[in-house]
Amino acid sequence: MPPPIDLTATIGGRKVTPALPIVDGSSSPPNELKFNASLSSFISQNVPLESVEGIRTRERVLVKMGTLCREWVKSVAAKRGLSSDAVASAGGELFTSGSYRLGVHEPGADIDTIVVVPSICTKEDFFGSGYVPPDSMVQDDDDEDVNNEIRDPDSLAERIRRHPDVTNFIPVEGAAVPILTFDWEGINIDLLFARLNAPSVPANFDIDNDMVLSGVDSATEKSLNGPRVTNLIAALVGGTEERYQTFLTVVRLVRKWAKARGLYSNKLGYWGGVNINIAVALVLQLYPNACPASLLRKFFLVFKSWRWPNPVMLTKPHDAELGLPVWNAFQAATMRQVAPMITPAYPAMNSTLSVSRQTLQILHEEFARGHNVVDKLYKDWQKGDVLDKEKVESGEMW
C-alpha cells in the first residue's frame, strides 16, 4: 500500500489540518497524464506568466520599498526621542499577499503589500496628515499632492510620493482599511498599514502567529488578514513542490475562465482572487495527487455539485481567544449567508458575503457549463483532436 498522505501544515506555531478528508489520493492515470502534457503546451501559449525581466523588476521594487519603509520607521523612532539602540531595533517589515505572494500573478498585475510597524508609528505618521509646516516653509505650487494638502515630508506617504520612480500616487486615508496606491517603475502597488501593539518588528517577525493580533485596531486586523490568509493557503497546498505547482496551474486556468465568463468580481456578487485560491485549494485537498488536467475537471465537478449553504473551508475555524469574532455556522447572521467560503486564518470570516441567490444560480450554471467544456475537451483529445486555438482566442472554449 502507498504511504498515507499527510496534508497537515505547521504555521505560526500551530498545527493546521484539513477540514475534509481525502476523496481520492491516487495519482492520475497515464491517459490523463498525456492529456495534461497537451494542456501544459496550451497553457504556455495562452495563459502567460510574468517574464523574467518583469519578475526582476517586481523584486527590485519590493527591495527598495522595504528599505524605504525601514528607514521611515527609524526616523519616527528618532523623532520620538528613543535611544539609538531602540531606533536601530525598531524594525518594520514589508509583506506581500494575494496572487503575487502565491506566484500566480499575470503580466501587469498589481502587488498587494502591507507594511507592519511598531506601536511608535501612527496612521498620521504613515500618511503625514495633520502636519503644520514651519512659517518659513513655502510649498511650491508644482509640488502639491493630489489632495492639495500639505503632508509631513518625513511621512512614508511623502517619501514614496517624492521618489523619482513613483507616479500616479493616491492616498486613501479615510477608507476602512487605509491605503496608498501608486505605480513604482510602472508596477502598480497597493500599500496597507498595520500597526502592532509591540515596541519593535524584528526581521524574524512571524506574521502567521495569532498573537500578532493582540491589541490591534480593526484596520490593522484587516490589513494583516491578507498575508496571513495567503500564507496559510500556500502552506495547506504546499506539501510537495509538484502539488504546489499543480495548485498554481489550476488557479491560473480558473482565473482565466472566470474573467472570460464575467465571474471574476466580488463586488458584482461572484468570486474574486482569494475565493478562487480557496476553492482550488479545497479541491486539491480532496484529490492531492491529481495532475493539473485532472484537478481542473474535478474543480468544476465539485462546485457544480456543491450543496450550498454548506461552507467551503480549508480548515475548521479556531478561536485564539483574542476577542475577535470568528465565523460560526450556528450564528443567526451566518445562517442567512448564501454561499459561505471561510478564510483559513484566525479570525475566520466569510469571504463571499456579496454572493446572492441570483449570482449563486449563475455561478452554478457556469460551473456545470465549465465541467461540460473541460470534459468534452478530454474526450475529444482521446479521439485524437487537439485544442483549437481559434476557439481559445475567440473565448468560445471558455
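Computed from a predicted structure; not experimentally measured.

About the cut-offs
- Residues numbered from 1 in each chain as written.
- Predicted model: local features only at pLDDT ≥ 70, side-chain atom pairs only at ≥ 80, totals over all residues.
- Heavy atoms only, no water.
- Buried < 20%, exposed > 50% of the residue type's maximum accessible area, 1.4 Å probe, protein only.
- Helix = DSSP H or I, 4+ residues; strand = E, 2+ residues; numbered from the N terminus.
- Pairing = 2+ DSSP bridges.
- Axes fitted to C-alpha atoms, helices over the stretch in contact; angles between N-to-C directions.
- Parallel < 35°, antiparallel > 145°, perpendicular 65-115°, else oblique.
- Left-handed = near helix turned anticlockwise from the far one by under 90°.
- Contact = heavy atoms within 4.5 Å.
- Nonpolar A, V, L, I, M, F, W, Y, C, P; charged D, E, K, R; others polar.
- Phe/Tyr/Trp six-rings, centres within 6.5 Å; stacked < 30°, edge-to-face > 60°.
- Lys NZ or Arg CZ within 6 Å of the ring centre and 35° of its normal.

### Considering the pairing of strand 7 (residues 187-195)
- The buried fraction of strand 7 is high, at seven of nine residues.
- Of the strand pairs in this sheet, strand 4 (residues 111-117) and strand 7 are connected by seven bridges, and their pairing is parallel. Along strand 7, the bridge assignment pairs Ile 114 with Leu 192.
- Between strand 6 (residues 179-184) and strand 7, which pair antiparallel in sequence order, lie two residues; one of them, Glu 185, sits at a positive phi of approximately 55°.

### With respect to the packing of helix 7 (residues 218-237) against helix 9 (residues 273-286)
- Put simply, helix 7 and helix 9 touch, their axes get as near as 10 Å, and they point 20° apart. Classified by the angle between their axes, helix 7 and helix 9 sit roughly parallel to one another. For the element pair helix 7 and helix 9, the recorded crossing hand is left-handed. Packed against helix 7, whose contacting residues are Val 229, Ile 233, Leu 236 and Val 237, the element helix 9 presents Val 274, Asn 277, Ile 278, Ala 281, Leu 284 and Gln 285 at the interface.
- Counted by class, the contact of helix 7 with helix 9 contains eight nonpolar, two polar and no charged residues.

### Quick look at the packing of aromatic side chains
- Across all of its chains, the model carries 20 aromatic pairs by this definition.
- Between Phe 182 and Trp 184, the aromatic rings sit 6.4 Å apart at their centres with planes inclined by 55°, giving tilted as the arrangement.
- A relative accessible area of 0% means that Trp 184 is categorised as buried.
- One aromatic cluster is present, formed by Trp 257, Trp 271, Phe 299, Phe 300, Phe 303, Trp 306, Trp 308 and Phe 367 through successive ring pairs.
- Just above the ring of Tyr 264 sits the side chain of Lys 259; from NZ or CZ to the centre is 4.9 Å.

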